[in-house]
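# Architecture and fold: a report
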Amino acid sequence: MSSGRKWARHAMLLAALASSVTPGLAQAQGLSQLLGGGNGNDLTGDLLRTVQQRLTGQSTIPSLQPDVQVQNPAVQQGPQAYGPPSAIERLMSTRAGQPIRQYGYDVFGRGAPVVVRQSGALQDSYILGEGDEIVLTLRGQQNASYRTRVDRDGRVVFPGLPPVAAAGRSFGGFREDLEDAAGRALTGTEVLVSVGAVRQIAVRVTGEVNAPGLFNLSGLATAMDALSLAGGIKNTGSLRDVQVVRGGRSYRLDLYTLLMGDAAGRDIPLAEGDRIVVPLQTSAVAVVGQVKRPAIYELPAGQQATPLSALMAMAGGTEVRGSYRYSILRTREDGKREMVQVGAGGSATVHDGDVVFVAPTADVSLAKVELRGATTLNGSYPLETVRSLRGLLASSDMFAPAVGRPLPYLLADALIRLDPATLQRTVIPFAVSDVLEGKADVALQSNDVVYITNVAEMRYIAHKAGDLQRSPTRKVNDHPDPVAPPPAPDANAALQAQAAALPPGLAADPRLAQLAAIQGIQLPAGQAGGTGQGAALLAANPAYAAYAATQLGQQNSALQDQGPPKPEEERLNPGIVAPPDILTAQDGSTARADDDQDQATALPAGAGPLSASQLGASQAQHARRPPLRLFVGLDDDTRRLLVGTLTNYHVTVVGEVNSPGDFLVMPGATLDKLVQAAGGLTPKVDLHAFEVTSADIDNASGLSRTVRHSYGLPVAQFAQVALKPFDRVRFNPVFSDRDTGDVTLSGEVKFPGGYEILRGEHLSSVLARAGGFTDAAYPAGVVFLRQSVAESQRDTLQKEADALERQIISIVGNVSGKVQVTDGEIAYVTQMIGRLRQGIGPASGRVAVHVDPREIAAHPELDLVMEPGDQLVVPRQPSAVVVSGEVMAPGGIQFRSDRSVDDYIAMAGGMTEIADDDHVFVVQPDGSAIQVDGGGWLSAAPKLAPGSVIVVPRKLRHFTWDSILMDIIQVTSQLAITGASLAVISK
């Protein structure tokens, strides 16, 4: 072929490659024929191969095989347990009295991936077979590399070498023969022999496996690999008699040797055509109790019994070293079972179906003591090294405070001792501080428990002791059942119980009866009607019925909003959880909102009371931080004994200390330690006279005498004062002429604001300190408010409201009245009662005072002594007189000195038809009230001043309420006076 034609074919081929239309494989082959074939040695053949690669997606670049290949089992199981209990597991669990599983099936009971290595050196023990690739590498006079596989005749044939038998031989022996043959045939050449690729074999797995079948594995696989690919062994299959059948020979595999790490145990390599058979389990025994691996163990193949020592070896031996009792639950020939105790030597024989129980003969710790509580070195200590408290509590470093834990309390701790004769506990109190100072010591005994209290525990015990001491009698049962705490208060039940004590007429209607029960009203039996009359009365007076329902709703809501009572020690120490005998939650829950910002869960009115469990769940939802438990490590009986013993060492400190309250100290403790526990003295303490009240108890005579000592000592000498249980220490504050609190001056004074006062300081003195009045001040209209007066007014109004309510209930309940009370009259009085209950208006605390310096100079008794919280408001000079009440046009009218009360009323349009002209009164600017013509026809008319208020009240009709008419008029007058006072203040 000429050079021109060759390049033409090349151009045609390049055009075909550049074409956007991709030809098929047949088109490429036709193009090859057109171009003259190509034997692969010229450019045409290379281009053709490139075209074929593009068309078929194949590449001639050799791919790299991975080092490993993962074969997954036929049945994949999750990480859960290997299956439900088998029949033998259920049977043995029933006999043992506890759940027990078969040994080994958690490992071999489920499938697992099998990793097949494709590269790396093989062991010389590897058995070659048909399909294994042998690599022969020559280095020296000849440099070449040959690959071939073991043929069907089991031989390996290389060029220039005689055939070498390989199948069924170990790789080490085959390699030696091949190297010898190559060394004789090729002189001066180094020979290297290796296995390039491992053959694939087919193995069948049958019997008690989860997924039996035929599996393809690597020639390196073992019997365990095949079992993993078969999904693992069922818990009915045998782990000790797995059979690998190869040709006419059977090999047995005991998987227990692999599980227990037996050095003699090994896996069986597989070969082509092997068959793995897993038979049923035949015999098994169980062992429970103090052993390392309690389980059901399969006996070796063909055995129906095993020595006890062999079974204990399979179970890993006893849990810890000690003395144990061995018992065997045997099954007799007649099918009955009996318990037999055997010796610990292991000579006994355990038969198929037996259960072995291993229990300690003694579990008593000797020659040790335990340290618990608020220390950093809690634990057990040998008695031989710590024979007394001084040896155990050797340093104060072991009581260093820890973050997040309460401080240790070293003034009242406990040694808990178990009497070996009676097996009863006793508590020996002591003080760690005395032990550290060398003042006290107690010899320790075996199994003693030294408990160091913390501050929270001390406060709990001390407060409990204080309550017992302040109560007249000590309760017999001081620890109710923690499982059944007292129920939460039920508002409805409490009201119904109170209503049950009322007369039948009131008790018939729940609203009227409960309202009377709230106020504590006891009506005479003669005023009570028959059944259903209470409902009839309320139906005839709907206004009062609505008021009664409102009062009951508020009362129920108030009781429900309180929630369950919180123990006192939890209120004193936010964040702790008291012992379960005083918890209010029925389930003993400790997840409670016990911090300083805890707020009770609000319940909607009418929702009904919650049970104790619901209240505990509601509080658990609002928990903000984990609570602190008390008495950790002590059981209930020990805790109660500890609390009951330490309550006998209670003292109280009150007055000028930073943390007054109840504390615990041992007899002979000095005052300086108690003061330190109470946070130290305040700067205002009076040290020249503080007192200690003690109880001198004479047990022989059964009498107690109170002894009070007064001391005047500096702090440095407090160690001279020894304390006893039940002492009460009182530190008084120093007397000061400064009063506690400020008074407030506002309005037309030169320097308004708050002023500290001295005891007995007068109003004139405070006014002088404030610079006196300004030029615009109106001294006659000064408003003076006092808190104590306001409280007295509130008490008076509450009493008047109670009296009115009793009278209205008496009138409504009296069915013998001749005239029926109207709804309007009921509504008017109930509205007035409601205003008095809510404290609207009258409780202002205003006091009529004279502040004119000339009047005070002339009459010194008018100069008030100031009290903390007093308020003085000095208004500006007013220019009007206010007319209010039942007039046509209430409002302010310009003041003129020549006008009278009638003149101002006339200028306000005159009185209305319902005005009560007999009870017109004037409120003076200083807050005092004067009735117009109230003193008779000879009395002088009140003198008006700028800022006065003329009040024309409403006329009240005598609607057969003769018994309460005067009370209503009196309360109405007080309301009017208060309204006038507020009007003056607003000016």
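Residues numbered from 1 in each chain as written. Predicted model: local features only at pLDDT ≥ 70, side-chain atom pairs only at ≥ 80, totals over all residues. Heavy atoms only, no water.

### Overview of the overall build of the chain
Summing up its helical and strand segments, the chain has 27 helices and 41 strands in all. A total of 987 residues make up the chain; the buried ones form 41% of that total. Considering only contacts in the chain between residues 6 or more positions apart, those separated by 24 or more positions represent 65%. Only carbon and sulfur atoms are counted for the fraction: they give 52% of the accessible area of the chain, which is about 51700 Å². (Helix = DSSP H or I, 4+ residues; strand = E, 2+ residues; numbered from the N terminus. Buried < 20%, exposed > 50% of the residue type's maximum accessible area, 1.4 Å probe, protein only. Contact = heavy atoms within 4.5 Å. Areas by Shrake-Rupley, 256 points an atom, 1.4 Å probe, with all protein chains shown as cover.)

### Here we look at the nonpolar core
Residues Leu227, Ile276, Val287 and Tyr297 are the most contacted members of the largest nonpolar core, which totals 46 residues. Setting aside chain neighbours within four positions, we find Val287 in contact with Ile100, Arg293, Pro294, Ala295, Tyr297, Leu311, Met312, Ala315, Val356 and Val358. Counting 42 residues, the second largest nonpolar core, distinct from the first, contains Val427, Ile461, Val653 and Ala669. (Core = buried A, V, L, I, M, F, W, Y, C linked by side-chain atoms within 4.5 Å.)

### Here we look at the sheet that holds strand β32 (residues 738-747)
Within the open sheet, the 5 strands sit side by side as β33-β32-β36-β34-β35. Their pairing is mixed. In this open sheet, the two edge strands, each paired with only one partner strand, are β33 (753-758) and β35 (846-847). Strand direction decides the pairing type here: β32 and β33, joined by 5 bridges, are antiparallel. Looking across to β33, one finds that Leu745 is bridged to Gly753. (Pairing = 2+ DSSP bridges.)

### Quick word on the environment of Pro875
As for its placement among the helices and strands, Pro875 is situated in the loop between β36 (871-874) and β37 (880-885). Residue Pro875 is classed as buried on the basis of its relative accessible area of 15%. Sequence separation of Pro875 and Glu748 is 127 residues, and the distance between their C-alpha atoms is 6.1 Å. The residues touching Pro875, leaving out its near neighbours within four places in the chain, are Glu748, Ala776, Ala777, Tyr778, Gly781 and Val782.

### Some words on the sheet that holds β37
Taken in spatial order, the 5 strands make up an open sheet running β38-β37-β41-β39-β40, and their pairing is mixed. With partners counted over all chains shown, the strands left at the sheet margins are β38 (891-894) and β40 (929-931), one partner each. The average undirected angle you get between the axes of adjacent strands in this sheet is 25 degrees. As judged from the 3 bridges shared by strand β39 (residues 921-923) and strand β41 (residues 949-952), these two strands associate in the antiparallel manner. By the bridge assignment, Val922 is partnered in β41 with Ile950. (Axes fitted to C-alpha atoms, helices over the stretch in contact; angles between N-to-C directions.)

### Comments concerning the pairing of strand β31 (residues 728-731)
Only one face of β31 is covered, namely the one carrying Val729 and Phe731; the face carrying Arg728 and Arg730 has none of its residues buried. Alignment of strand β27 (residues 650-655) against β31, held across 4 bridges, turns out to be parallel. Bridge pairing links Gly655 to Phe731 in β31.

### Some words on the side chain of Asn454
Considering the arrangement of structural elements, one finds Asn454 in the loop between β24 (449-452) and α12 (455-470). Within polar-contact distance, the side chain of Asn454 engages the backbone nitrogen of Ala456 at 3.1 Å. Excluding its chain neighbours within four sequence positions, the residues that come into contact with Asn454 are Ala374, Pro406, Leu407, Pro408 and Tyr409. (Polar contact = N/O pair within 3.5 Å; in protein donor to acceptor, adjacent residues only side chain to side chain.)

### Some thoughts on the environment of Asp180
Summarising the element assignment, Asp180 is placed in helix α6 (residues 171-185). Counting along the chain gives 11 residues from Asp180 to Val191, while the straight-line C-alpha distance between them is 9.0 Å.

### Focus: the packing of aromatic side chains
Evaluated as defined, the whole model comprises 7 aromatic pairs. Both rings, one in Phe690 and one in Phe731, keep their centres 5.0 Å apart while their planes meet at 35 degrees; by these two values the pair is tilted. Residue Phe690 is located in strand β29 (residues 690-698), and its partner Phe731 is located in strand β31; the two are separated by 41 residues in the primary sequence. A ring pair is formed by Phe718 and Phe731, whose centres lie 6.1 Å apart and whose planes are at 35 degrees; its orientation type is tilted. (Phe/Tyr/Trp six-rings, centres within 6.5 Å; stacked < 30°, edge-to-face > 60°.)

### Regarding the pattern of salt bridges
Scanning all chains against the criterion turns up 30 salt bridges. Residues Lys673 and Glu437 are paired through a salt bridge, measuring 3.4 Å at the closest nitrogen-oxygen approach. In this pair, Lys673 is assigned in helix α21 (residues 671-677) and Glu437 in the loop between α11 (432-436) and β24, connecting sequence segments 236 residues apart. Of the residues examined, Glu437 reaches a relative accessible area of 44% and is grouped as partly exposed. A salt bridge links Asp696 to Arg705; its shortest N-O distance comes to 3.3 Å. Of the residues examined, Asp696 reaches a relative accessible area of 34% and is grouped as partly exposed. Of the residues examined, Arg705 reaches a relative accessible area of 52% and is grouped as exposed. (Salt bridge = Lys/Arg side-chain N within 4 Å of Asp/Glu carboxyl O.)

### Structural notes on the environment of Arg846
Mapped onto the elements of the fold, Arg846 is located in strand β35. On the basis of relative accessibility, which here comes to 11%, the residue Arg846 falls in the buried class. Through-space distance from the C-alpha of Arg846 to that of Phe784 is 5.6 Å; in sequence the pair is 62 residues apart. Of the polar contacts made by the side chain of Arg846, one reaches the backbone oxygen of Val782; its length is 3.5 Å. Among the polar contacts made by the side chain of Arg846, one reaches the main-chain carbonyl oxygen of Asp926 at a distance of 3.4 Å.

### Considerations on helix α4 (residues 87-96)
Each α-helix winds once per 3.6 residues, and so residues spaced three or four apart point in a common direction. Within the span of α4, buried status applies to Glu89, Met92, Ser93, Arg95 and Ala96. Seen along its axis, α4 keeps its buried residues to an arc of 165 degrees; they face one direction. Facing away from the buried surface of α4 by more than 90 degrees, the exposed residues are Ala87 and Thr94. Its buried side turned inward, α4 meets β13 (284-289), β14 (295-298), β16 (324-331), β17 (337-342) and β19 (355-360). (Arc of directions from axis to C-beta.)

### What about the confidence of the model for the chain?
Considering every residue of the chain, the mean pLDDT works out to 76; 68% of them sit at 70 or more. Confidence over residues 558-564 falls short of pLDDT 50; this stretch has 15 contacts with residues more than four positions distant or in other chains. Within the model, pLDDT remains below 50 along residues 580-624, and this stretch shows 89 contacts once partners closer than five positions in the same chain are excluded. (pLDDT = per-residue confidence, 0-100.)

### Quick look at the side chain of Glu370
Within the fold, Glu370 resides in strand β20 (residues 368-373). Taking the relative accessible area as the measure of exposure, Glu370 reaches 19% and is therefore buried. Polar side-chain contacts of Glu370 include one of 2.6 Å to the side chain of Arg372. Ignoring anything within four residues of it in the chain, the contact list for Glu370 reads Gly379, Ser380, Asp448, Val449 and Val450.

### Some points on unusual backbone geometry
Of note in this structure, Asn447 is not a glycine but carries a positive phi near 70 degrees. Of note, Asn447 is situated in the loop between α11 and β24. Residue classification places Asn447 among the partly exposed positions, given a relative accessible area of 28%. With a phi angle near 55 degrees, Phe631 is a residue other than glycine that sits in the positive phi range. Within the secondary structure layout, Phe631 lies in the loop between β26 (628-629) and α20 (636-646).

### Here we look at the packing of α12 against α20
A packed helix pair is summarised by two numbers, namely the angle formed by the two axes and the spacing between the axes. Look at α12 against α20: their axes get within 9 Å of each other, and the N-to-C directions meet at 60 degrees. By the angle class used here, α12 and α20 are oblique. Once α12 is placed against α20, the crossing between them reads as right-handed. Contacts between α12 and α20 involve Tyr460, Ile461 and Lys464 from the first element and Arg639, Val643 and Leu646 from the second. Grouping the amino acids of the contact of α12 with α20 by side-chain chemistry returns 4 nonpolar, no polar and 2 charged. (Parallel < 35°, antiparallel > 145°, perpendicular 65-115°, else oblique. Left-handed = near helix turned anticlockwise from the far one by under 90°. Nonpolar A, V, L, I, M, F, W, Y, C, P; charged D, E, K, R; others polar.)

### Observations concerning the pairing of β19
Inspection of the sheet shows β13 paired to β19 by 4 bridges, in the parallel sense. What sits directly across from Gly289, in β19, is Val358. Two elements, β16 and β19, share 6 bridges in a ladder whose sense is antiparallel. Among the inter-strand pairings, Arg325 is bridged to a residue of β19, identified as Ala359.

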